[in-house]
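Descriptive structure summary
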Amino acid sequence: MDRNDIFATVRKYILDQLPIDASQVSEDARMIDDLGADSANLMMLIMDLETEFNLTVEDEALGSIKTVGDIVDYIAEKG
């Protein structure tokens, strides 16, 4: 799966969870500051993505995930 496919899938899950316009979701968008996600949203998103991409996000990695692009990078690297 290439980076664009990963981004499209991550974007779909973000839009399913957050009441935002699709145009707000870019790789530079910050999950909390720009998209309004809270810790519960982030945990649900991570669990959904772990299932979708058949991977486990390590707890120590969670602190470094700030933007949509960080999520895509992590999946591209680990997936």
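The structure we're discussing is the one just above.
Residues numbered from 1 in each chain as written. Predicted model: local features only at pLDDT ≥ 70, side-chain atom pairs only at ≥ 80, totals over all residues. Heavy atoms only, no water.

Observations regarding the overall build of the chain
Stated formally: What counts as a helix is a DSSP run of H or I of at least four residues, what counts as a strand is a run of E of at least two, and both are numbered from the N terminus. Note on method: radius of gyration uses C-alpha positions; expected globular size equals 2.2 Å times residues raised to 0.38. Here's how the labels work: a residue is buried when its accessible area is under 20% of the maximum for its type, exposed when over 50%, partly exposed in between, all with a 1.4 Å probe on protein chains only. Residue contacts follow a heavy-atom distance rule, with two residues in contact if any of their heavy atoms lie within 4.5 Å. Note on charges: Lys and Arg go in the positive column, Asp and Glu in the negative column, and His and the chain ends are not counted at all. Taken as the charge centre is NZ of Lys, CZ of Arg, CG of Asp or CD of Glu, depending on the residue.
When helices and strands are counted, the chain shows four helices and zero strands. Of the regular secondary structure in the chain, the N- to C-terminal order runs α-α-α-α. The C-alpha radius of gyration computed for the chain amounts to 11 Å, which stays within 12% of the reference 12 Å derived for 79 residues, consistent with globular compactness. Overall size of the chain, expressed as C-alpha extent along the three principal axes, is 30 × 25 × 20 Å. Within the span of the chain, comprising 79 residues, buried residues form 37% of the whole. Looking at the chain alone, contacts between residues at least 24 apart form 53% of all its contacts between residues at least 6 apart. If you average the places of the 6 positive and of the 18 negative side-chain charges in the chain, the two averages end up 3 Å apart.

Observations concerning the environment of Met-44
Position of Met-44 relative to the elements: it lies in helix H2 (residues 39-53). Expressed as a C-alpha distance, the spacing of Met-44 and Ile-14, which sit 30 residues apart in the sequence, is 9.8 Å.

Details of the packing of aromatic side chains
Selection criterion: Centres within 6.5 Å are what make two rings of Phe, Tyr or Trp a pair, Trp counting through its six-membered ring; a difference in plane orientation under 30 degrees is then read as stacked, over 60 as edge-to-face, and the rest as tilted. Whether a charge sits over a ring depends on NZ of Lys or CZ of Arg being within 6 Å of the ring centre and within 35 degrees of the ring normal.
Counted by the stated rule, this structure contains zero aromatic pairs. Against the face of Tyr-13 rests Lys-12, its NZ or CZ located 4.4 Å from the ring centre.

Quick notes on the pattern of salt bridges
The line we're drawing: For this document, the term salt bridge refers to a Lys or Arg side-chain nitrogen within 4 Å of an Asp or Glu carboxyl oxygen.
Under the criterion given, the structure shown has six salt bridges. Across the pair Arg-30 and Asp-33 runs a salt bridge, and its minimum N-O distance is 3.6 Å. Given a relative accessible area of 39%, Arg-30 falls into the partly exposed group. Salt-bridge contacts for Arg-30 lead to Asp-34; the nearest nitrogen and oxygen are separated by 2.9 Å. Looking at Asp-34, the relative accessible area reads 33%, which means it is partly exposed. Here the salt bridges share partners, and the residues they tie into one network are Arg-3, Glu-27 and Asp-73.

Overview of the nonpolar core
Rules: Definition used in this section: a nonpolar core is a set of buried Ala, Val, Leu, Ile, Met, Phe, Trp, Tyr and Cys residues joined via side-chain atoms within 4.5 Å.
Val-10, Ile-14 and Val-68 are the most contacted members of the largest nonpolar core, which has 25 residues in total. Counting only elements with at least two residues in this core, the list comes to helix H1 (3-17), H2 and helix H4 (68-78). Apart from residues no more than four positions distant in its own chain, Ile-14 is found in contact with Ile-20, Val-25, Met-31, Leu-35, Leu-45 and Val-68.

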